Amino acid sequence: MYGLMMDRPLLISDVLRFSRQNHGGVELVSTMGDGSVHRTTYGQAYGRACQLGGALRGLGVKAGDRVATLAWNDYRHFEIYFAVSGIGAICHTLNPRLFPEQLIYIINHAADRWLCVDPMFVPLVAKLAPRLPTLEGVIVLTGGDLPEVGGLRTEGYEALLEGQPEELEWPEFDERTASSLCYTSGTTGNPKGVLYSHRSTVLHSFGICLPDAAGISMRDSVLPVVPMFHVNAWGMPYACAMVGAKIVFPGPKMADGEVLHRLIVSEGVTLALGVPTIWLALLQYLETSGKDLGPLERTIVGGAACPPSMIRTFKERYGVRTLHAWGMTEMSPIGTVNTPRPEYVNLSPAEKLEKASKQGHGVFGVEMKITGDDGKELPWDGEAFGDLKVRGPWICSDYYEVEGASTSHDDDGWFATGDVATIDADGYMQIVDRTKDVIKSGGEWISSIELENIAVGYPALAEAAVIGVRHSKWTERPLLVVVLKEGVAATREEILAYFGGKVADWWVPDDVTFLDELPHTATGKVQKMELRKTFAGYVLPDDR
Ligand code: AMP
């Protein structure tokens, strides 16, 4: 027997409509590329999203079409999120830090029809244009003159909106309809697309707003220092709109401690979110300037392990609570958040810090388990560690348009995260290692396999392996471990120079170390785990 409850679909357009009606005057503040500050409200953003929805339809964008963005965090990007998904198309966010070849691969794989681009990325798109056959045109995010973009049809964002009605009859469709797309390089091989749905996005917004998750409410002013091209800025635009929290968009200057501090103080920011590297920049600025964090109540630190010292500094020096969190592009992203159980109040400061340093407890909507090599579930005792697997309505069931069955999902639909973890009796998960062969530097992925493939093309090298080693600013940086061919010499500098022009500059390994041989498994594969153990304490040249 079915319940007698309305079967209303969970749609992204309804989230913005709700915020217009209930929180219409709440501000969205943006730092623009030229440093100016722009202010709008949920009410105005709703009207402009309606205008953009109408304009996109006028350009021929239909349900299911991919509309890409190459943009920083600001109000226009926010409007695009809602307008594109609202008309049933798919908002595909692109990471401008990727190497051109990767962007070309991703845009073509997604078969994007239109690309919304910040003026500062126009030269990049112009260069790529001849190799983007699916693109019908670009929408430049400006109200000013239109640049030439590699011969592509070019429209201006503000001009497109002009004359369009500020009301739109948003279409109603199945809540499982795809809403947005984000590629991740946190896997082996080519980047893979994670295709979110309206349902997953709305449910994730409910989940992340729970008091023991991010606990976002209309009393918050939220600074997402996570790019809107990375997992929808951890879902903040949707979650904040759902509860009517003010959003402060940092624009392109995300790693600038002074800018972040100014925004926190002037905009009454109560919650700021980002990867550890960002907070290092802020803490350094505070240290040298002697300033404090005024209104800031809490930070959510995730994307990479948050050092305990950061949690302590935020708390002891600035009175700010740090919530360590873990998630993935494949998980929308939230998986766990670390808020303390009430009884932890009686723990000693050292014990509290130890607990707070874990990646956190589950959020309803995310089931977790750890399994051993035999696939059997391991106990939640804080000691046993194994492959971390997850399941839930905002976790991807497959990658977008990848041939063959997913190798990341088992028969029961659990997704293998590629992280290795313990879970304690209270349900707090701690990451202790990673099985996936990638490196995360400042919150962005570097493929070790791609670097190894390049390295072995260097004539003097017999074998090469790339592993991530700890770095105080970037969390992890690539170290190239090589074996030279017999009787051949090569220096560190020569080998590193070989990467020039083949990958983005920030992918080039920080150092090269020479071994007589690499550790191998019985089947001849390099034992990365062994190498990671050997170089666990390695100090990179610019970190000494
Ligand atoms: P991404 O899909 O780029 O968000 O990356 C997800 C991956 O980043 C996870 O599978 C982890 O390997 C890593 N990660 C995310 N958050 C944390 C964290 N708090 N501590 C350690 N690693 C993390």
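Residues numbered from 1 in each chain as written. Predicted model: local features only at pLDDT ≥ 70, side-chain atom pairs only at ≥ 80, totals over all residues. Heavy atoms only, no water.

A word on the overall build of the chain. When you go through the chain residue by residue, the secondary structure sums to 16 helices and 25 strands. The principal-axis extents of the C-alpha atoms in the chain amount to approximately 70 × 65 × 60 Å. The buried share of the chain, taken over its 544 residues, is 58%. Approximately 22900 Å² of the chain is accessible, and the part contributed by carbon and sulfur atoms is 52%. The positive charge centre, built from 49 side chains, and the negative charge centre, built from 69, are 3 Å apart in the chain. (Helix = DSSP H or I, 4+ residues; strand = E, 2+ residues; numbered from the N terminus. Buried < 20%, exposed > 50% of the residue type's maximum accessible area, 1.4 Å probe, protein only. Areas by Shrake-Rupley, 256 points an atom, 1.4 Å probe, with all protein chains shown as cover. Lys, Arg positive; Asp, Glu negative; His and termini not counted. Charge placed at Lys NZ, Arg CZ, Asp CG, Glu CD.)

Okay, the nonpolar core next. Judged by nonpolar contacts, the single largest core of 141 residues is most densely connected at Phe78, Phe82 and Ile216. For this core, the element with the most residues is helix H2 (residues 42-58), which contributes eight residues. Each of two domains, domain 1 (14-26 + 39-207) and domain 2 (364-434), supplies a minimum of three residues to this core. What Phe78 contacts, discounting residues up to four positions off in sequence, is Leu16, Leu28, Tyr42, Ala45, Met228, Pro237, Ile247 and Phe249. Membership of the second largest hydrophobic core comes to 21 residues, among which are Tyr458, Ala464, Val466 and Ile495. (Core = buried A, V, L, I, M, F, W, Y, C linked by side-chain atoms within 4.5 Å. Domains from an automatic or database assignment. Contact = heavy atoms within 4.5 Å.)

So, on to the pattern of salt bridges. In the structure shown here, the tally under the stated rule is 32 salt bridges. Two residues, Arg298 and Asp220, come together in a salt bridge whose shortest N-O distance is 2.9 Å. Separated by 78 residues along the polypeptide, Arg298 in strand E13 (residues 298-301) and Asp220 in the loop between helix H7 (198-209) and strand E10 (221-224) bring together distant segments of the chain. One salt bridge connects Arg544 with Asp511, and the closest N-O pair in it is separated by 4.0 Å. Taken together, the residues span a long stretch of sequence, with Arg544 in the segment after helix H16 (528-534) and Asp511 in strand E25 (residues 511-514) at a distance of 33 residues. Linked by salt bridges that have partners in common, Glu27, Arg39, Lys246 and Glu267 make up one network. (Salt bridge = Lys/Arg side-chain N within 4 Å of Asp/Glu carboxyl O.)

Its domain assignment divides the chain into domain 1 (14-26 + 39-207), domain 2 (364-434) and domain 3 (439-543). Here the C-alpha centroids of domain 2 and domain 3 sit 28 Å apart.

The next point concerns the site of the ligand. For the ligand, the set of nearby residues contains 16 residues, the closest of which are Ala325, Thr329, Asp419, Lys436 and Trp445. Within the backbone of Ala325, an N or O atom sits 2.7 Å from a nitrogen atom of the ligand. Interatomic distance of 2.6 Å between a side-chain N/O atom of Thr329 and an oxygen atom of the ligand. Burial of the ligand by the surrounding chains reaches 96%, relative to a free accessible area of 500 Å². (Near = heavy atom within 4 Å. Polar contact = N/O pair within 3.5 Å; in protein donor to acceptor, adjacent residues only side chain to side chain.)

Pairing between sheet strands relies on hydrogen bonds along the backbone, with the strands arranged either parallel or antiparallel. Taken in spatial order, the seven strands make up an open sheet running E7-E6-E5-E3-E4-E8-E9, and their pairing is mixed. Whereas interior strands pair on both sides, the edge strands pair on one side only; in this sheet they are strand E7 (154-156) and strand E9 (192-197). Across the sheet, the axes of successive neighbouring strands diverge by a mean angle of 25°, strand direction being ignored. One ladder, built from four bridges, connects strand E3 (residues 66-70) with strand E5 (residues 114-117); its direction is parallel. Considered in E5, the bridge of Val67 is made with Trp114. Packing of helix H3 (residues 75-86) onto the sheet brings it into contact with E3, strand E4 (90-93), E5 and strand E8 (178-184), and relative to E4 it is tilted by some 145°. (Pairing = 2+ DSSP bridges. Axes fitted to C-alpha atoms, helices over the stretch in contact; angles between N-to-C directions.)

Right, let's talk about the sheet that holds strand E23 (residues 461-471) for a bit. The three strands are arranged E23-E24-E25 in an open sheet whose pairing can be described as mixed. Edge positions in the sheet fall to E23 and E25, since each of these pairs with one other strand and no more. Adjacent strand axes in the sheet meet at a mean angle of 30° when their direction is disregarded. Here strand E24 (residues 475-484) runs beside E25; their pairing, made up of four bridges, is parallel.

What follows is about the environment of Asn108. When you line up the elements, Asn108 lands in helix H4 (residues 100-110). By relative accessible area, Asn108 is classed as partly exposed at 26%. Residues Asn108 and Thr134, 26 residues apart in the sequence, show an inter-C-alpha distance of 6.6 Å. For Asn108, the residues in contact, after removing those within four places along its chain, are Arg131, Leu132, Pro133 and Thr134. Within the local environment of Asn108, its side chain forms a polar contact with the backbone oxygen of Arg131, the two atoms lying 3.1 Å apart.

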